[in-house]
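Here's the letter readout for the chains.
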Amino acid sequence: MNKLGDRGCQNHVPPCNAVAERPVPFLTYELCLAAAGAHGFRQWHCPFANTANQTPKLHPKRQSRKWMILVAVIWIQAFTGTNFDFSAYSSEMKKVLGISQLQLNYLAVASDMGKVFGWSSGLALMYFPLWTVLFMAAFMGLVGYGIQWLVISNLLSLPYILVVFLCLLAGCSICWFNTVCFVLCIKNFPANRALALSLTVSYNGVSAALYALAGGAFNASSSSLYLLLNSLVPLIVSIAALVPILRQPSVDPISPEAVRSDSIMFLLLNVLAVLTGVYLLLFGSNTSDTSTTARLLLGGAIFLLIFPLCVPGVVYARRWFHHTVHSSFHLRRSGFILVDDDDLELHKQLLSRESSLNNLNGSLNGSLYDDEAFKYKMSSQKLCSEEDNTRCCEEMMEKDKLVMLGEEHPAQVLVGRLDFWLYYIAYFCGGTIGLVYSNNLGQIAQSLGHSSTTTLLLTLYSSFSFFGRLLSAAPDYVRAKFYFARTGWLTVALLPTPIAFFLLAAFGNSIEALRVGTALIGLSSGFIFAAAVSVTSELFGPNSVGVNHNILITNIPIGSLFYGVLAAIKYDGNAGVGLKLMFSPDSGVCMGRECYFLTFVLWGCISFVGLVCSLLLFLRTKHAYDAFERNRRLVEVDAEKDLSSPSVIEQLA
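Residues numbered from 1 in each chain as written. Predicted model: local features only at pLDDT ≥ 70, side-chain atom pairs only at ≥ 80, totals over all residues. Heavy atoms only, no water.

### As for the overall build of the protein chain
Condition: Working definition: helices are DSSP H or I runs of at least four residues, strands are E runs of at least two. Numbering for both runs from the N terminus. The cut-offs for exposure are 20% and 50% of the maximum accessible area for each residue type, with area from a 1.4 Å probe on protein chains only; residues under the lower value are buried, those over the upper are exposed, and the others partly exposed. Residue contacts follow a heavy-atom distance rule, with two residues in contact if any of their heavy atoms lie within 4.5 Å. Per-residue accessibility takes into account occlusion by the displayed protein chains alone, with areas from the Shrake-Rupley method and a 1.4 Å probe.
Looking only at helices and strands, the protein chain has 31 helices and zero strands in total. Evaluated residue by residue, the protein chain yields a buried proportion of 59% over its 653 residues. Taking the contacts inside the protein chain whose residues are at least 6 apart along the sequence as the reference set, 84% of them involve residues at least 24 apart. On the protein chain, roughly 25900 Å² of surface is accessible, and the fraction owed to carbon and sulfur atoms is 66%.

### Brief notes about the packing of helix 9 (residues 193–203) against helix 23 (residues 454–471)
Two measures define how a pair of helices packs: the angle their axes make with one another and the distance between the axes. Using the following cut-off: The angle between two axes is taken between their N-to-C directions and runs from 0 to 180 degrees, where each axis is a line fitted to C-alpha atoms and a helix contributes only its stretch in contact. If an angle is under 35 degrees, it is roughly parallel; if it is over 145, roughly antiparallel; if it lies from 65 to 115, roughly perpendicular; otherwise it is oblique. Gly is put with the polar residues, along with every residue not named as nonpolar or charged; the nonpolar set is Ala, Val, Leu, Ile, Met, Phe, Trp, Tyr, Cys and Pro, and the charged set is Asp, Glu, Lys and Arg.
One way to put it is that helix 9 packs onto helix 23 with a least axis distance of 8 Å and a crossing angle of 175 degrees. Relative to helix 23, the element helix 9 is oriented roughly antiparallel. For the pair formed by helix 9 and helix 23, the contact residues are Val 201, Ser 202 and Tyr 203 on the first element and Phe 466, Arg 469 and Leu 470 on the second. A breakdown of the residues in the contact of helix 9 with helix 23 according to their chemical character gives four nonpolar, one polar and one charged.

### Topic: the packing of aromatic side chains
As a reminder of what qualifies: Each aromatic pair joins two rings of Phe, Tyr and Trp (for Trp, the six-membered one) with centres within 6.5 Å, and gets the label stacked for planes under 30 degrees apart, edge-to-face for over 60, and tilted for any other angle.
Summed over all chains, the structure comprises 25 aromatic pairs. Aromatic side chains Tyr 571 and Tyr 596 sit 5.7 Å apart centroid to centroid with 55 degrees between the ring planes, which places their arrangement in the tilted category. Note that Tyr 571 is positioned in helix 29 (residues 555–575) and Tyr 596 in helix 30 (residues 594–643), a separation of 25 residues in sequence. The buried category is assigned to Tyr 571, whose relative accessible area is 0%.

### Here we look at unusual backbone geometry
Of note in this structure, Asn 154 is not a glycine but carries a positive phi near 60 degrees. Tracing the sequence through the fold places Asn 154 in the loop between helix 7 (130–152) and helix 8 (160–188).

### Considerations on the pattern of salt bridges
Oppositely charged side chains can form a pair if their charged atoms are brought close together. In plain terms, the rule: Salt bridge, as used here: a side-chain nitrogen of Lys or Arg that lies within 4 Å of a carboxyl oxygen of Asp or Glu.
Considering all chains together, one arrives at four salt bridges under this definition. Close ionic contact of Arg 486 with Glu 538 constitutes a salt bridge, the shortest N to O distance being 3.8 Å. Placement of the pair is Arg 486 in helix 25 (residues 486–494) and Glu 538 in helix 27 (residues 511–540), with a sequence separation of 52 residues. Note on Glu 538: relative accessible area 0%, which makes it buried. Between Asp 626 and Lys 622 there is a salt bridge, with its nearest N and O atoms 3.0 Å apart. Taken together, the residues Asp 626 and Lys 622, both in helix 30 and four residues apart, mark about one turn of the helix. Classification of Asp 626 as partly exposed rests on a relative accessible area of 26%.

### Some thoughts on the packing of helix 21 (residues 431–439) against helix 27
As a reminder of what qualifies: By definition, any crossing whose near helix is turned counterclockwise from its far helix by less than a right angle is left-handed, and any crossing with a clockwise turn is right-handed.
At a closest axis distance of 8 Å, the pairing of helix 21 and helix 27 adopts a crossing angle of 135 degrees. For the element pair helix 21 / helix 27, the angle class is oblique. In the packing of helix 21 onto helix 27, the handedness of the crossing is left-handed. For the pair formed by helix 21 and helix 27, the contact residues are Gly 431, Thr 432, Gly 434, Leu 435 and Tyr 437 on the first element and Leu 514, Thr 518, Ile 521, Ser 525, Ile 528 and Phe 529 on the second. Looking at the contact of helix 21 with helix 27 residue by residue, the classes come out as six nonpolar, five polar and no charged.

### Topic: the side chain of Ser 607
Heads up, the rule is: In protein, a polar contact means a hydrogen-donor-capable atom and an acceptor-capable atom, both N or O and within 3.5 Å, with residues adjacent in sequence counting only if both atoms are side-chain atoms; elsewhere, any N or O pair within 3.5 Å suffices.
Mapped onto the secondary structure, Ser 607 falls in helix 30. With a relative accessible area of 1%, Ser 607 lands in the buried category. Polar side-chain contacts of Ser 607 include one of 2.8 Å to the backbone oxygen of Gly 604.

### Here's the deal with the state of the cysteines
Rule in force here: Whenever a pair of cysteine sulfur atoms sits within 2.5 Å, that pair is classed as a disulfide.
Using the criterion set out here, one finds one disulfide in the structure. Each sulfur of the disulfide joining Cys 590 and Cys 595 lies 1.9 Å from the other. The disulfide joining Cys 590 to Cys 595 has a torsion of about -90 degrees about its S-S bond and is therefore left-handed. Note on Cys 590: relative accessible area 1%, which makes it buried. Judged by its relative accessible area of 0%, Cys 595 falls in the buried class. Cysteine Cys 175 shares no disulfide, and the gap to the nearest cysteine sulfur, in Cys 172, comes to 6.2 Å.

### Focus on the environment of Ser 537
Secondary-structure assignment places Ser 537 in helix 27. With relative accessibility at 5%, the residue Ser 537 sits in the buried group. Along the backbone, Ser 537 and Glu 407 are 130 residues apart, and their C-alpha atoms lie at a distance of 9.2 Å.

Structure (structure tokens):
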């Protein structure tokens, strides 16, 4: 039996297979977890439980139902990233409303401000069933985007302030859809929820490419069609996803063998996701003159989204697949979160025990569990104390440094940590600035005389954002052969952004430079968006991730306003509108490289600041990651030794 044994699992975490109980939640992610508990979410499968009491395998029909739910979540995510196609109709909206570039920027900010009210979706899940919240989100989008379509089609006239409110309502609907998807993944894949979240969140990045295909299939000359699609398609997808959601299976504990089998399924689904992204990249910006060709390409994209429904059939052949294919691979369960569920639970046990040791004035009770906690702490402190004290920046690098991963940080403690603000600035100057760039793609292409390539640029950004999101899980798949701290990967992901902006500033008139820059920015921002929850959980505690991550993403509306105002002031100044910060009836179009030249230079410098902050964060947290990985491998070695012991083999038999 493992050193921690059943005693460790029972004394320091809830009993295995127990229903999850969490404190009163305040923000979206914690509300998701609490709602998942209210809807039957079972606690994690204890890796140190007595193997004699193995959980019976789920019936294949129940297994197939959960995979159908995953496919339904993929559909929802793929068609509800409606904020990414703003640039496709922004120029037409600006013309119809007769507003300046600055006022147009306020509409984009209002859409991003919807994230501030995302907590309301988790609150709704505490009182309403999932399907009700899903349709509430769909009808918010129907009203928000539908009325905007009436306005841009000159069928309805509304004051500017009401259009701002409609953008806010539409942005809020996206957060509600995301919350429903999170709860479905958490409930139906408790042992592999990290993999489920990483896969489904990635599909949110292809929405713009899918809508670009749909627009070309129905009416390529109408930019207002995007608003109509944004209002109707999510509602239609919600209706299609209703049956799997209503027929959710009861969630029972699963065996380690089933967990490993599911990891293979997720690997296959990720391969299929890559193929979908490549297809959209190649054909998403189709400019064919024939609507028939465009509709065939749209049909191909829809087929790739429906194809995962074959997974339930694969589930029926799971035993054959396991014995013929899985045995030739040795994959550890991993994915979106570098510190996976079992590692986090062990880590929390060590932290909990360490706290008890401190309350007892450092006295040990002599148990093996206490030795593990004491050695873990000592090894982490030893690594942190071996820094070279001769450099002039040593004081900054060592001040208030994280000693170990997973330690809980309440909000009041979080805002006092230097590591958090380095992380905040890195996100603010990296992922957020990429989002603002995508909102301005329509005006950027128009000013450079490439209006006809707006759809192509939108597809490039969407597709590469999708690839970036998928890549956020790659570090975990290669962890066994090549380990690198998550904050280090974040630094690498931020590198393309300043390169892209300086490239755009230097060769802005070149369509090739515009395409390459857009692809690099999409790839970088997509990785950051997908990896952010993982980094927040690892650095500042898994139990506090709901509050802490929502504090982090406050930088999105702030950055959307700040960066958008910078760009709009320069744009309107060159267009002859003047520097008017409030509402103005004047509307102008700026043409030429100078419209965004200074903006690209400023954005490049700002993103370089984010890269430096990310590098400092990596250097300050590297020892904590190294200590965690070293101790995780030691625990795995001990567990493998225990599992190979004769007594355990007899129990498994």
